[in-house]
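Read off the chains here:
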Amino acid sequence: MSDAANEANEVAKVIPLHSESGPRRVRARHSGGPVIPSEPTELFTVPPASADTDAPGLAGALLDSARGMVADQVVATAEFIRRRLTGDYQVDEFGFDPHFTENVWLPLLRPLFDSWFRVEVRGIENVPAEGGALVVANHAGVVPIDGLMTSVAMFDHHPAHRPLRMLAADMAFEMPVVGNIARKAGHTLACNPDAERLLRGGEVAAVFPEGFKGIGKPFSERYKLQRFGRGGFVSAAIRTGAPIIPCSIVGSEEIYPKIGDIKSLARLLGMPYFPVTPFFPHLGPLGLIPLPSKWYIEFGEPIVTDSYDTVAAEDPMVLFEVTDHVRENIQQTLYRLLAKRRNVFMG
């Protein structure tokens, strides 16, 4: 037998390995080629799994969370559809549909409120937790988005999650789709009978006394309140004894800076104005995207009306005095908020 054969028969290497009971040794015979152990050598051995590595990783946790959210959304959607199909929801005399408002309408508005305009709400505790109250606010922005954002602020930030029942112009209810949504969201005509019915029913109503004069004013007159009408909202508050809550909104003036008005086109379309902004109508549909200004909505201290007798609701001097007081309160709050604001878009 050759020396190489004798060496192959006699030489063996001892290779340490890990087992469940600890290290052990096996013998591997060398046949002239590379040593191929029957099990992985210590060089490639993976340490035993610890308790920490048994827990799901961050990616797994996130995946489980996403699956849970999707499952919850599917269940909520199915429940919503079931209630709509079976008629398991209520609508009041004005057409207010809380089920639709809370599950469809407000969720559509929240991205604008939270992410686009980044609205900060102050003084919401001045709105009573129950009973009728009349919110009176400034109006601006070419399109009445300020009313929609105020309704989100009331429902999401008030401890009682109270719906805001806006008193809107006739035009809003004459538009095919808008009118139907406005009714379902709980809004009604800006008239004294409807306002009094809401307040007597313990609802929080909202009125924007400037009307089209406010939302349609040019950008050069921003944050300068227009005339508040003849005080019809004050009359409704006095008759029902509901407190008046002044509301000041900063940020709405900059979403569509109005620099012009095509009056002939407005008359043709039956609109109070046809706005021209730096982006509309020049950029077409892109010009309809509101600028992402930073918003502040502040609810002031209540102005009580239950100290007046019912005769005061017909007294022009009383109506003028209270109306002027509310208007001055809102104007001064606007000036104060503007003085603190450093930038239109950053706040």
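Our subject is the structure that appears above.
What you are looking at is a predicted structure, and each value in this text was computed from that prediction instead of being measured.

A. How the structure looks around the packing of helix H3 (residues 58–86) against helix H4 (residues 98–116). Where H3 contacts H4, the axes come no closer than 12 Å and their chain directions differ by 150°. With respect to each other, H3 and H4 are oriented roughly antiparallel. Seen from above, H3 lies across H4 with left-handed handedness. Contacts from Phe80, Arg83 and Arg84 in H3 reach His99, Phe100, Asn103 and Val104 in H4. Broken down by class, the residue content of the contact of H3 with H4 amounts to 3 nonpolar, 2 polar and 2 charged.

B. Just the sheet that holds strand S11 (residues 296–299), in detail. If you walk across this open sheet you meet the 7 strands as S3-S11-S8-S4-S7-S5-S6, and the pairing is mixed. Each having just a single partner strand, strand S3 (120–122) and strand S6 (188–189) make up the two edges of the open sheet. Across 4 bridges, the pairing between strand S8 (residues 244–250) and S11 is antiparallel. Across the sheet, residue Val250 finds its bridge partner in S11, namely Tyr296. Across the sheet, helix H10 (residues 232–240) is in contact with strand S4 (133–137), strand S7 (204–207) and S8; its angle to S4 comes to roughly 165°.

C. Region of the structure containing the packing of aromatic side chains. Throughout the structure, instances matching the rule amount to 3 aromatic pairs. Between the aromatic rings of Phe274 and Phe280, the centroid separation amounts to 5.9 Å while the plane-to-plane angle is 35°, which identifies the pairing as tilted. On the basis of relative accessibility, which here comes to 13%, the residue Phe274 falls in the buried class. Classification of Phe280 as buried rests on a relative accessible area of 18%. In this arrangement the basic side chain of Arg222 is found over the ring face of Phe219, its NZ or CZ atom lying 4.1 Å from the centre. Taking the ring centre of Tyr273 as reference, the NZ or CZ of Lys258 above it sits at 4.8 Å.

D. Layout of empty space enclosed by the protein. Per the stated rule, a full pass over the model turns up 2 cavities of 30 Å³ or more. The computed volume of the largest cavity comes to approximately 40 Å³. Ala140, Gly141, Val142, Gly214, Ile215, Lys217, Pro218, Phe219, Glu253, Tyr256 and Lys258 together form the lining of the largest cavity. Here the lining of the largest cavity is composed, by residue class, of 6 nonpolar, 2 polar and 3 charged. In terms of lining residues, the second largest cavity is bounded by Ile255, Tyr256, Pro257, Thr277, Phe279, Gly287, Ile289 and Leu291. Here the lining of the second largest cavity is composed, by residue class, of 6 nonpolar, 2 polar and no charged.

E. Molecular detail of the pattern of salt bridges. Throughout the structure, instances matching the rule amount to 19 salt bridges. Here Arg83 ties to Asp88 by a salt bridge, and the two come within 3.9 Å at their closest N and O atoms. Where Glu93 meets Arg197, a salt bridge forms, and the shortest distance between an N and an O atom there is 2.6 Å. Of this pair, Glu93 sits in the loop between H3 and H4 while Arg197 sits in helix H8 (residues 192–200), and the two are 104 residues apart along the sequence. The class of Glu93 is exposed, set by a relative accessible area of 63%. Residues joined in a network through salt bridges with shared partners are Glu79, Arg82, Arg83 and Asp88.

F. Seen up close, the environment of Glu314. With respect to the helices, strands and loops of the structure, Glu314 is situated in the loop between S11 and helix H12 (316–340). Expressed as a C-alpha distance, the spacing of Glu314 and Gly232, which sit 82 residues apart in the sequence, is 9.7 Å.

G. Geometry of the environment of Gly131. Note on placement: Gly131 falls in the loop between S3 and S4. Along the backbone, Gly131 and Arg200 are 69 residues apart, and their C-alpha atoms lie at a distance of 8.2 Å. In this view, Gly131 contacts Arg162, Gly202 and Glu203; residues no more than four positions away in its chain are not counted.

H. Broad picture of the packing of H8 against H10. Their axes nearest at 9 Å, the elements H8 and H10 cross at an angle of 35°. Note on packing geometry: the crossing formed by H8 with H10 is right-handed. In this structure, H8 uses Asn192, Ala195, Glu196, Leu199 and Arg200 to contact H10, whose residues at the interface are Gly232, Phe233, Ser235, Ala236, Ala237, Arg239 and Thr240. A per-class count over the contact of H8 with H10 returns 5 nonpolar, 4 polar and 3 charged.

I. Structural view of the nonpolar core. Formed by 35 residues in total, the largest nonpolar core has its most connected members in Val135, Met149, Met154, Trp295, Ile297 and Phe299. For this core, the secondary structure elements donating two or more residues are H4, S4, helix H5 (145–157), strand S5 (164–168), S7, S8 and S11. Counting residues per element, this core draws most heavily on H5, which supplies 6 residues. In this view, Ile297 contacts Val119, Glu120, Val121, Arg122, Met149, Thr150, Ala153, Cys247, Ser248 and Ile249; residues no more than four positions away in its chain are not counted. Residues Leu134, Val207, Val234 and Val250 belong to the second largest nonpolar core, which totals 31 residues.

Parameters at a glance
Residues numbered from 1 in each chain as written. Predicted model: local features only at pLDDT ≥ 70, side-chain atom pairs only at ≥ 80, totals over all residues. Heavy atoms only, no water. Axes fitted to C-alpha atoms, helices over the stretch in contact; angles between N-to-C directions. Helix = DSSP H or I, 4+ residues; strand = E, 2+ residues; numbered from the N terminus. Parallel < 35°, antiparallel > 145°, perpendicular 65-115°, else oblique. Left-handed = near helix turned anticlockwise from the far one by under 90°. Contact = heavy atoms within 4.5 Å. Nonpolar A, V, L, I, M, F, W, Y, C, P; charged D, E, K, R; others polar. Pairing = 2+ DSSP bridges. Phe/Tyr/Trp six-rings, centres within 6.5 Å; stacked < 30°, edge-to-face > 60°. Buried < 20%, exposed > 50% of the residue type's maximum accessible area, 1.4 Å probe, protein only. Lys NZ or Arg CZ within 6 Å of the ring centre and 35° of its normal. 1 Å grid on protein atoms, 1.4 Å probe; cavity = no way out; pocket = protein on both sides within 12 Å on 5 of 7 lines; lining within 4 Å. Points joined across faces, edges and corners; volume = space filled by probe spheres on them. Salt bridge = Lys/Arg side-chain N within 4 Å of Asp/Glu carboxyl O. Core = buried A, V, L, I, M, F, W, Y, C linked by side-chain atoms within 4.5 Å.

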